[in-house]
Amino acid sequence: MDPLTLRTSRLLLRDWRDEDLAPFAALNADPQVMEYFPRPLERTESDALATRIRSQFAQSGFGLWAVEVCGVAPFIGFVGLSVPSFEAHFTPCVEIGWRLAGEFWGHGFATEAARAALDFGFDRLGLVEIVSFTVPANRRSRTVMERIGMTHSPDDDF
Ligand SMILES: CC(C)(COP(=O)(O)OP(=O)(O)OC[C@H]1O[C@@H](n2cnc3c(N)ncnc32)[C@H](O)[C@@H]1OP(=O)(O)O)[C@@H](O)C(=O)NCCC(=O)NCCS
């Protein structure tokens, strides 16, 4: 299936390219970006993650889009939709997620991209629900969720 490209006023949400692997590895190696994950990723782990993301794109035509800031930066990270592989009482489900290089935080790019991904999920895929989760301490990620209008469901805390 041809990967879908989404455009916003400042961003392109696009399929991945080989040139994205180096900047993706750099952000995955950054302890600040990976603060709420078990640890930063080695290059091989980052490349393997990109391969999984790309194969999901190849299967379904959407997923965790590579995010480009038009005319500014060809790759700043990913924002998009995925199907969690773990089991919880709210799975199976579609999750929205984001991970941007630290130098591109504080510009509203995650929120802008997430709105486009949500619209795509609801309008084009016809989803009735999209979830997101993070550790409580990840204030920046929680704030993106709030900005795009998500509500916290305490019954689903895990
Ligand atoms: C989560 C993450 C994507 C959020 O990034 P972010 O930059 O805080 O979020 P946004 O891109 O929406 O930017 C919002 C900020 O840009 C500011 N901003 C500046 N210009 C803006 C504009 N034109 N429009 C909107 N906001 C703008 C906002 O005021 C806000 O600033 P604040 O941080 O001082 O409140 C980022 O911290 C990240 O990649 N973290 C590591 C990965 C991670 O933890 N992912 C989640 C795992 S569950």
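In this text, all values refer to a predicted model and were calculated from it rather than measured experimentally. (Residues numbered from 1 in each chain as written. Predicted model: local features only at pLDDT ≥ 70, side-chain atom pairs only at ≥ 80, totals over all residues. Heavy atoms only, no water.)

Draft legend 1. Main features of the layout of surface pockets. Approximately 1,100 Å³ is the volume attributed to the largest pocket. Residue lining of the largest pocket: 39 residues in total, with Phe37, Gly97, Trp98, Arg99 and Ser141 positioned closest to the centre. Among the secondary structure elements, those contributing two or more residues to the lining of the largest pocket are β4 (73-82), β5 (95-100), α3 (109-124) and α4 (139-147). If you tally residues by element for the lining of the largest pocket, the top one is α4, at seven residues. Residues that form the lining of the largest pocket fall into these classes: 20 nonpolar, 13 polar and six charged. (1 Å grid on protein atoms, 1.4 Å probe; cavity = no way out; pocket = protein on both sides within 12 Å on 5 of 7 lines; lining within 4 Å. Points joined across faces, edges and corners; volume = space filled by probe spheres on them. Helix = DSSP H or I, 4+ residues; strand = E, 2+ residues; numbered from the N terminus. Nonpolar A, V, L, I, M, F, W, Y, C, P; charged D, E, K, R; others polar.)

Draft legend 2. Looking closely at the site of the ligand. The ligand sits among 20 residues. The nearest are Leu100, Gly106, Ala110, Thr111 and Arg140. Separating an oxygen atom of the ligand from a side-chain N or O atom of Asn138 is a distance of 2.8 Å. At a separation of 2.5 Å, an oxygen atom of the ligand approaches a polar side-chain atom of Arg140. For the ligand, whose free accessible area comes to 960 Å², the fraction covered by protein is 71%. The cavity where the ligand resides is the largest pocket. Of all elements in the fold, only β5, α3 and α4 reach the threshold of two or more residues within the shell around the ligand. When residues in the shell around the ligand are grouped by element, the largest group, four residues, is from α4. Counted by class, the shell around the ligand contains nine nonpolar, seven polar and four charged residues. (Near = heavy atom within 4 Å. Polar contact = N/O pair within 3.5 Å; in protein donor to acceptor, adjacent residues only side chain to side chain. Areas by Shrake-Rupley, 256 points an atom, 1.4 Å probe, with all protein chains shown as cover. Sits in = over half its atoms within 2 Å of the grid points.)

Draft legend 3. Summary view of the packing of helix α1 (residues 21-28) against helix α2 (residues 43-60). The contact between α1 and α2 brings their axes to 9 Å, and the two run at 120°. The orientation of α1 with respect to α2, classified from their angle, is oblique. Classified by chirality, the crossing of α2 by α1 is right-handed. Of the residues in α2, those in contact with Leu21, Ala22, Phe24, Ala25 and Asn28 of α1 are Arg43, Ser46, Asp47, Leu49, Ala50, Ile53 and Arg54. Tallied by class, residues from the contact of α1 with α2 come to seven nonpolar, two polar and three charged. (Axes fitted to C-alpha atoms, helices over the stretch in contact; angles between N-to-C directions. Parallel < 35°, antiparallel > 145°, perpendicular 65-115°, else oblique. Left-handed = near helix turned anticlockwise from the far one by under 90°. Contact = heavy atoms within 4.5 Å.)

Draft legend 4. Quick look at a positive patch on the surface. On the surface, a cluster of positive charge is made up of Arg115, Arg139, Arg140 and Arg147. The biggest single contributor to the positive patch is α4, with three residues. Its location among the elements puts Arg115 in helix α3. (Patch = residues over 30% accessible without salt bridge, like charges linked within 9 Å, V, L, I, M, F, W, Y side chains within 5 Å. Salt bridge = Lys/Arg side-chain N within 4 Å of Asp/Glu carboxyl O. Lys, Arg positive; Asp, Glu negative; His and termini not counted. Charge placed at Lys NZ, Arg CZ, Asp CG, Glu CD.)

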